[in-house]
Every structure is written in structure tokens, then in C-alpha cells.
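# Overview (structure and organization)
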Amino acid sequence: MQVLPWEKRLRPEAPYKHRSVVTLLGSNLSSEVFLHLTKTFSSRDINILRIEQLDYSDHHVIEVVIGSKEDHSTVDILNALVKFKEKFSVDIAVQEDTMFRRNKRLIVFDADMTFLQCEIIDELGKIAGAGNRMKEITQRAMNGDLDFKIALCERVKLLAGISVLKLEELYERIPITPGAEDIVRILQHLGYRIGIVSGRFQFFIDRIKSNYKLDYGISNQLEIIDGKLTGRVVGDIIDARAKERALTSIAKKEGFSLKQVVAVGDGANDIHMLARAGLGIAFNAKSIVQKHANAGINQSNLELILYFLGISGKELQELRDVSKLSPNSTW
């Protein structure tokens, strides 16, 4: 046996200057999945350096460290995996293999159909008796077919006359996305800063921020006079670019690199925010959004995001247990 020093230039992965981590999440990651994955990478001269199993219970999760001599961006790798993803119905995240991958410090969620399981503005439309018209405009805006600011103002006009009491009643029945409470509690335990940046309304975001002890809540301000909505928005409108600015502003304020930021959203107005974050996750998102994110989850469970942060199933269970005992866990 010959013993050699573990110098960086002698390590097996040394020839591969460009390294990425691909996380696969599915109900059944069979041998056929690995075979096709290997073929996909091999056809692009990408080598698999290491495979680690993160979980094998309700969800099968693996991390695959890949390397290549040529530079492959996360977009290149995601594009290479498009057909693979369609064939096996797996959720995928692609991240550069750097120290920042497991050192995220800030997570920013969209609200509607991400942290919440509804479109608040559509629910308000139903209260105002304009549900169908509201839903139509919302769909066009989320698909990117209609300018967000124009769509927002058109819809808010339909809400004129709704009382604050009705807003309060709506808040009490808004459904939270499964896994939202768990991921917030766990990430708070790990010291994350957590925020919601939404194109909806501050009235609801303030209450969510308070209820879950979030650090930030940024949204649009509905004008209320004499206890009723006027049908107008006051102040700057939080559109796609404003969401991006909010994310970068929060990161700067906290002293974090954008590589330490996770952004989660589903609509066209989240695209710029997702693109700016170190890890942008398209959550049950429209196809146009998935093209601009380096990760995607197509299941209604926000807790699954934790796997993309490199947390294993065993660690996740430990975090569930210990976070429930945290002094801050009063909700």
C-alpha cells in the first residue's frame, strides 16, 4: 500500500474546476432514474463525483456532486435536465458547490399561492361580487400577459366599498400552505432572517408577519377611509422590480451576500427576485417562472425546501423536535 498526502491537486476531483450540486427529490428514485441521470451528464462531459442520500422515507432525496473541466452554469445544467425531469417527475435544485450553498442566512417568500394557499385578491373579489372578473385579470397577470401595475390597479378598483371588518374575517380563514409553520420555526431556530415580499396587501402581510414572528413584511398599501376600501393603492406599488429591490435591500441591511439568500415564489412578478437570490425556488410555479429559477418544487409542502439547503431527513427530524422546544415557538 502506498500512502500519499491528501493534497488538493492529487484528489480525484482535482481535474474538475467547475463543480455543482444537484439535489433530486421524488417519491421513488429508482435505478432507472440514476441510469438516465448518468447518461444525461455523460453526454455533456459532466462527471459525477459524489452521491449522498439525504432521505429515503416519505420522500427520496439525493445530492449529486458533479464536476466538469468546461464551465457549466446552473442554467446549462437545468436545461440539460429538462427531459429527465419530465420523464421521472422529480423536483430538482442546481447550485454551485461553494461554501454559500449550506450557509444561507435569509429566506424571502412570496405570499399568495406560496406562503398562503390562495390568491387574496381573488378572495376579495368574491366578497365584492366581482370574482370572475378578478380571477381573469389575476391569471393574465401571473402568466405575464398583463403588466402587473395595470392589473393591480384594475382589480383594486373592484374592491371599493369593502369594509375593514370583511378584511378581518377573510384573514381568519386564509389557508396557510402545508409546511409553512414548520419551515419558519426550523429556520428561526437556525438563526435565519425570514420575510414576505408580496404584490398583495399590507393589511394581511402585517398580520402574518406578527403571527409568525417574521422579520420582514413588504406589500402594497390599500387606501382605507372611514373603515372602507376606496379602490385605490397608496404609495409605491410592489411589482416585480420592487420585489427584487426589496430582496437586495434586506440582504444589504442584514450584511448578507445575495448568495446567502433564498427566494421562493410562483408568479411572473417573482422572476427577478428568484433570479437575484443565491437559490431561487419556483414553488408550484407557472412554466415561465420555472425557466428563471435554479430550483423547483411541484408539491404543496414548503418544508421540502429544507432538503435543498442540504439538510438530511435525520437532521430534519431533529430540527423539528428541538425547534418545538425553542423559547420563541409560542405560535
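To be clear, the structure that these remarks concern was listed above.
Residues numbered from 1 in each chain as written. Predicted model: local features only at pLDDT ≥ 70, side-chain atom pairs only at ≥ 80, totals over all residues. Heavy atoms only, no water.

### Remarks on the pattern of salt bridges
- This structure, assessed with the given rule, holds 19 salt bridges.
- Here glutamate 63 makes a salt bridge to arginine 101, at a shortest N to O gap of 3.0 Å. Here arginine 101 lies in the loop between β4 (91-96) and β5 (106-109) and glutamate 63 lies in strand β3 (residues 60-68), a separation of 38 residues in the sequence. One exposure class covers both glutamate 63 and arginine 101, and it is buried.
- Across the pair lysine 286 and aspartate 266 runs a salt bridge whose closest N-O atoms are separated by 3.2 Å. Linking lysine 286 in the loop between β10 (279-283) and α12 (287-290) with aspartate 266 in the loop between β9 (261-265) and α11 (271-276), this pair joins segments that are 20 residues apart in sequence.
- Classification of aspartate 266 by relative accessible area gives buried; the value is 1%.
- Salt bridges linked by common partners bring Asp110, Lys243 and Asp270 together as one network. (Salt bridge = Lys/Arg side-chain N within 4 Å of Asp/Glu carboxyl O. Helix = DSSP H or I, 4+ residues; strand = E, 2+ residues; numbered from the N terminus. Buried < 20%, exposed > 50% of the residue type's maximum accessible area, 1.4 Å probe, protein only.)

### Observations regarding the nonpolar core
- Ranked by size, the top nonpolar core spans 58 residues in total, and within it Ile107, Phe109, Phe115 and Phe204 carry the most contacts.
- The element contributing the most residues to this core is helix α8 (residues 180-189), with five residues.
- Sequence-distant contacts of isoleucine 107, defined by excluding residues within four places in its chain, comprise Ile183, Leu187, Tyr192, Arg193, Ile194, Gly195, Val262, Val264 and Ile305.
- Among the nonpolar cores identified, the runner-up in size contains 22 residues, and Val197, Ile238, Ala268 and Ile271 belong to it. (Core = buried A, V, L, I, M, F, W, Y, C linked by side-chain atoms within 4.5 Å. Contact = heavy atoms within 4.5 Å.)

### Section: the environment of arginine 200
- By the element assignment, arginine 200 lies in strand β6 (residues 193-201).
- What makes arginine 200 buried here is its relative accessible area of 4%.
- Once the C-alpha coordinates of arginine 200 and leucine 222 are considered, the two residues, 22 residues apart in sequence, prove to be 9.2 Å apart.
- In contact with arginine 200, other than residues within four places in its own chain, are Asp112, Glu119, Ile121, Thr138, Met142, Phe148, Arg155, Ser219 and Asn220.
- Side-chain polar atoms of arginine 200 contact the side chain of glutamate 119, separated by 2.9 Å. (Polar contact = N/O pair within 3.5 Å; in protein donor to acceptor, adjacent residues only side chain to side chain.)

### A few points about the side chain of glutamine 202
- Examined against the element boundaries, glutamine 202 turns out to sit in helix α9 (residues 202-211).
- Taking the relative accessible area as the measure of exposure, glutamine 202 reaches 11% and is therefore buried.
- Those residues in contact with glutamine 202 that sit more than four places away from it in its chain are Gly217, Ile218, Ser219, Asn220 and Gln221.

### Thoughts on the pairing of strand β7 (residues 216-225)
- Sheet topology places β6 next to β7; four bridges connect them, and they run parallel. Of the residues in β7, the one forming a bridge with isoleucine 196 is glycine 217.
- Assessed by its sense of winding, the connection that carries the chain from β6 through α9 to β7 is right-handed.
- Where β7 meets strand β8 (residues 228-234), four bridges bridge the pair, whose relative direction is antiparallel. By the bridge assignment for β8, leucine 222 is matched with valine 233.
- The turn linking β7 back onto β8 is made up of two residues, and aspartate 226 within it adopts a positive phi angle of 55°. (Pairing = 2+ DSSP bridges. Right-handed = clockwise from strand over helix to strand, strands pointing away.)

### A short note on the packing of aromatic side chains
- Taken as a whole and assessed by the stated rule, the structure comprises four aromatic pairs.
- With centroids separated by 5.2 Å and ring planes inclined at 50°, the aromatic side chains of phenylalanine 84 and phenylalanine 88 adopt a geometry described as tilted. Taken together, the positions of phenylalanine 84 and phenylalanine 88, both in helix α3 (residues 82-88) and four residues apart, correspond to about one turn of that helix. The pair formed by phenylalanine 84 and phenylalanine 88 is uniform in burial state, with each residue classed as buried.
- Judged by centre distance (5.7 Å) and plane angle (80°), the rings of phenylalanine 115 and tyrosine 212 are edge-to-face. Placement of phenylalanine 115 in the loop between β5 and α4 (120-127) and of tyrosine 212 in the loop between α9 and β7 is noted, with a sequence separation of 97 residues between them. Of the two residues, phenylalanine 115 and tyrosine 212, both sit in the buried class.
- Members of the aromatic cluster, joined through ring pairs, are Phe109, Phe115 and Tyr212.
- Just above the ring of tyrosine 192 sits the side chain of arginine 105; from NZ or CZ to the centre is 5.6 Å.
- A cation sits over an aromatic face here: arginine 207 above phenylalanine 203, 3.7 Å from the ring centre. (Phe/Tyr/Trp six-rings, centres within 6.5 Å; stacked < 30°, edge-to-face > 60°. Lys NZ or Arg CZ within 6 Å of the ring centre and 35° of its normal.)

### Quick look at the pairing of β9
- Within β9, five of the five residues are buried, leaving the element largely enclosed by the surrounding structure.
- Side chains Val261, Ala263 and Gly265 of β9 all project onto a buried face; the interleaved residues Val262 and Val264 project onto the opposite face, where all are buried too.
- Bridging between β5 and β9 involves four bridges; their strand directions are parallel. Residue pairing for β9: isoleucine 107 is matched across the bridge by valine 262.
- As paired elements, β9 and β10 share four bridges and run parallel to each other. Looking across to β10, one finds that alanine 263 is bridged to glycine 280.

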